[in-house]
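Take a look at the letters that make up each chain.
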Amino acid sequence: MRDVRLGKARQCLFAGALSLLGCLSAPSAAKGTAEEADAIPWMSPATAAEQASAQGDAEKEAIANRRARQLVGAMSLAQKMQQLTGSPPEILPELPQCFGARHVSGIASLDIPTFRITNGPVGVGQNDCVARSVYEGIKDNPSPYAAYAAYTHPTSAEATALPSAMTVAASFDPEVASTFGEVIAKEMNNLALHVFEAPGVNLARLPILGRNFEYFGEDPYLSGTMAVAETKSVQGHGLIAMVKHFVANEQETNRQTIQETVDRQALRELYLLPFEMAIKDGKAAAVMCAYNYVNGASSCENREILTDILRNDWGFTGYVQSDFFAMKSTVETLNAGMDHEMPLPQHWSPEKLAAALESGEISRDNIDTALERRYTQAFKAGIFDRPIVQTPIDFAAGGRKAREIGTKGAVLLQNNGTLPLPSDLGTVAIVGKSSQIYAQQAVAGGAMTGKPLGAGGGSSDVVPNYTVTPVEGLQGVLQELGNSSARVKLILVDDGNVSATIDGEQTTFTAALDEIAASDAVVIMAGTISEEGADRATFTGVNGETLAASAAAGTSLDWYVDEPKTIATTDAKKNPARNSQTIAMIEAILTSASKTGKSMPQKSVLVLKDNAGIAMAPALVGPDGPAILEVWFPGQEDGNIVADLLFGKANPSGKLPVTIPYAGMGFLDHIAPEQFPGVIDKETGKQTVSYSEKLDIGYRWYDSNVSGSCKVAKGINACVAFPFGHGLSYTTFDIGRPHLDFDRDNGVYRATAMVTNTGKTTGAEVIQAYVSLPSSANVIGTKQPPKRLVGFGKVELEPGASAQVVITIDPQSSHHPLSVWSEAENKWVTPAGKYVVWIGRSSSPSDLTRAGTIKR
């Protein structure tokens with residue numbers, strides 16, 4: 001039989017290109033050749049049965065840990081070394097149809113199965129199974145890069161391309177996050193996968209961060225709440241969830257080398273907080289360390305965060321895996337608390353580990369501990385106790401869930417009576433840019449015009465079984481509503497707003513405007529595509545060191561590049577940043593003379609498909625602007641999600657997980673190069689970023705009026721077009737006078753408000769609770785922003801119905817709602833004084849009512 005692994009020399013050539021040393025000395029599948037295993041049984045049916053019948057998380061973990069220690073004790077040193085890292089690309093023994101590169105090869109003699117890992121966070125991404133034909137096509141290719149296809153090839157096993165994680169956050173509903181996790185978990189089990197590299201909980205510190213769509217927005221409590229729900233859902237199906245990227249990974253530009261400087265208070269109160277919640281409340285089994293450096297140490301060899309905080313402070317008992325190729329050393333990583341190197345034995349090659357053992361820099365106990373941590377979680381999840389067998393995915397069921405998630409996370413920003421659209425329309429014009437994807441195809445992170453979804457190569461690229469375009473979605477829903485005669489036209493405009501096409505026929509923009517003006521409804525689609533590997537910013541060169549334009553440029557609907565995963569430059573030959581003139585197109589449409597009974601603003605809808613927030617052109621906001629519907633990156637069900645919302649089959653109920661400022665007045669308009677993209681340190685020569693804004697990110701920055709231009713008048717912040725937490729509905733709600741009570745028996749506070757649906761349509765409202773800390777908090781450390789989100793509750797009501805929403809504020813909870821981090825005392829401290837609790841429908845002062853005070 002032909003050997004279906006890449007030839008040993010070929011593997012090493014490929015790995016050598018990725019700085020892998022010592023490859024030739026590593027066994028391709030450890031069998032104890034260097035040292036025979038002790039002849040003791042590592043597992044018995046009794047222990048497996050005992051674990052299956054265990055009650056409670058602690059008992060299950062204790063039994064799993066015993067099994068893990070027994071297994072590690074039966075392994076040879078060579079086997080242990082092989083199991084510490086991912087394996088080179090190969091045809092999987094258990095799944096001969098799969099050419100995989102995201103796994104640890106099993107050891108049959110010890111009944112250790114292949115340990116299979118999939119990317120995330122917005123569905124089952126690149127997942128250890130591209131087509132066998134890819135292997136057949138590259139097996140004789142002498143290039144050391146040929147095998148890289150196993151990591152990124154678009155023949156990766158199909159799965160449901162879900163809406164973005166930002167969509168989940170915008171739902172303000174943990175049940176939506178659970179549904180999101182459930183779809184992923186079921187499909188992982190269908191594909192015989194074990195580890196989901198998600199949820200991602202880095203914060204939208206920078207609205208232009210290339211991976212914002214993979215995360216849950218700008219607030220740590222909201223992020224942590226969604227991560228907990230998703231983690232529980234995934235792990236409830238016998239899988240491992242891996243919360244990432246640990247920590248302060250809020251920049252894609254030069255992410256492998258960037259030095260992030262974050263003071264300990266901001267680190268604890270903002271950037272570590274969602275991780276803490278996912279560990280303590282979600283019981284996440286794994287954590288992924290990031291590429292970046294944090295306060296001088298690489299994330300994967302940072303003992304402060306991997307051991308002192310993660311394990312000693314939080315009691316984490318899971319394992320830490322590196323992001324792919326994120327490790328930068330052998331000894332320092334293992335001693336700091338790292339457990340698993342992916343995707344190849346680069347720094348933990350047998351040769352390097354043997355040298356470190358020989359020198360005494362590491363011990364066999366270090367290796368055993370790392371393996372025991374991962375095996376414990378694998379045993380606990382039942383991975384050792386089930387076969388690796390693939391079963392068919394129910395793509396229709398996944399699509400239905402994706403459609404539901406997408407509608408629940410959509411945010412109606414503005415409505416001038418346009419929405420929902422009537423179902424008896426004669427003509428609908430879908431308008432977009434010919435250079436961009438938004439009106440033409442289904443949109444997901446990294447999606448590119450003319451290329452299939454999932455072809456971008458990033459972690460969140462999911463290869464779907466099908467997609468629904470905007471035209472298909474609108475046509476389908478109109479037919480469902482009984483209108484089969486309506487004409488849905490696709491109008492695409494060039495970047496210069498000179499020429500256009502109408503259903504593929506070439507014309508002028510002027511002629512297209514006439515066609516748009518004669519349409520019964522106008523649906524304009526625009527957005528801010530982004531991808532892993534780059535931020536939405538323009539640089540003077542590919543080194544990503546110096547901005548060529550304001551950092552805020554990438555928050556405009558006008559900014560785009562041909563390759564979103566690559567640094568944008570001013571060089572016409574090196575992924576140049578381009579101007580689509582989308583805003584000018586929208587303004588031209590809105591100021592045209594309508595040829596129907598409604599004005600252009602009254603019959604126009606701007607559908608945004610965004611990475612995160614944008615900077616809003618003032619002309620688009622208010623009565624002279626269009627209805628504005630934010631749907632984020634909808635994924636494969638794009639067209640259906642948008643159509644359901646436009647025609648009222650679904651009622652928008654999402655809230656903004658980010659702040660949308662007016663153009664020219666946002667955080668990015670005021671930051672210094674030290675904050676992004678960083679400056680070259682004169683002593684070290686390394687690009688260094690300072691989180692010098694400290695606690696003032698997102699709505700906190702606007703509330704604190706850091707720029708001096710964001711004053712509040714009549715409850716409205718002058719810089720903010722749409723505040724964090726904002727979102728309208730097709731119905732209306734009344735929120736009664738809130739009140740605050742103290743539950744002495746449980747030591748918690750409960751903020752309560754009565755919500756009534758005063759409209760004519762069933763809909764959902766989100767009640768949000770914010771706390772203003774006493775002035776004494778400012779003495780402990782950095783000055784606190786005016787308020788922080790500490791709770792929320794979502795309620796769906798039929799017309800005329802009422803319900804009481806109760807939000808519990810527990811001072812002892814994992815998100816420390818009433819505490820601040822004291823660097824001097826190295827602990828959480830609850831300041832003395834009066835805390836004010838606010839209840840309302842958004843973070844805007846105009847939407848908040850004082851519920852009561854807490855005295856501590």
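Just so it is clear, the model here is predicted, and its values are computed rather than measured.

What counts as what
- Residues numbered from 1 in each chain as written.
- Predicted model: local features only at pLDDT ≥ 70, side-chain atom pairs only at ≥ 80, totals over all residues.
- Heavy atoms only, no water.
- Buried < 20%, exposed > 50% of the residue type's maximum accessible area, 1.4 Å probe, protein only.
- Helix = DSSP H or I, 4+ residues; strand = E, 2+ residues; numbered from the N terminus.
- Pairing = 2+ DSSP bridges.
- Disulfide = S-S within 2.5 Å.
- Contact = heavy atoms within 4.5 Å.

Engineer: I'm lost on the pairing of strand 15 (residues 487–493) in this one. Help?
Structural biologist: The side chains of a regular strand alternate, residue by residue, between the two faces of the sheet. For strand 15, the tally of buried residues reaches 6 of 7 residues, placing the bulk of the element in the interior. By the bridge criterion, 7 bridges tie strand 14 (residues 427–433) to strand 15 in an arrangement that is parallel. Each bridged residue has a counterpart across the sheet, and for V431 the counterpart in strand 15 is I491. Relative to strand 16 (residues 499–502), strand 15 is paired through 3 bridges, and the arrangement is antiparallel. Bridge assignment links L492 to a residue of strand 16, and that residue is T501. As consecutive antiparallel partners, strand 15 and strand 16 are separated by 5 residues, and within that stretch N497 has a phi angle of approximately 55°, a positive value.

Engineer: What is the right way to look at the state of the cysteines in this model?
Structural biologist: Linking two cysteines covalently via their sulfur atoms produces the bond known as a disulfide. One pass over the full model with this rule turns up 3 disulfides. Paired by a disulfide, C289 and C300 hold their sulfur atoms 2.0 Å apart. In this structure, the disulfide formed by C289 and C300 twists by about 95° around the S-S bond and is classed as right-handed. Placement of C289 in strand 9 (residues 286–289) and of C300 in the loop between strand 11 (297–298) and helix 12 (303–313) is noted, with a sequence separation of 11 residues between them. With a relative accessible area of 0%, C289 lands in the buried category. Two residues, C710 and C719, share a disulfide whose sulfurs are 2.1 Å apart. Its S-S torsion of approximately -95° makes the covalent link between C710 and C719 left-handed. On the basis of relative accessible area, C719 is assigned to the buried category, the value being 0%.

Engineer: Where do I start with the environment of G664 in this structure?
Structural biologist: Residue placement: G664 occurs in the loop between strand 25 (660–661) and strand 26 (679–680). Residue classification places G664 among the partly exposed positions, given a relative accessible area of 48%. For G664 and L84, which are 580 residues apart along the polypeptide, the C-alpha to C-alpha distance reads 50 Å.

Engineer: Sorry, what's going on with the side chain of R700 here?
Structural biologist: Residue placement: R700 occurs in helix 22 (residues 699–703). Filtering out sequence-adjacent residues up to four positions away, R700 remains in contact with D219, P220, L270, L695, P785, K787 and R788.

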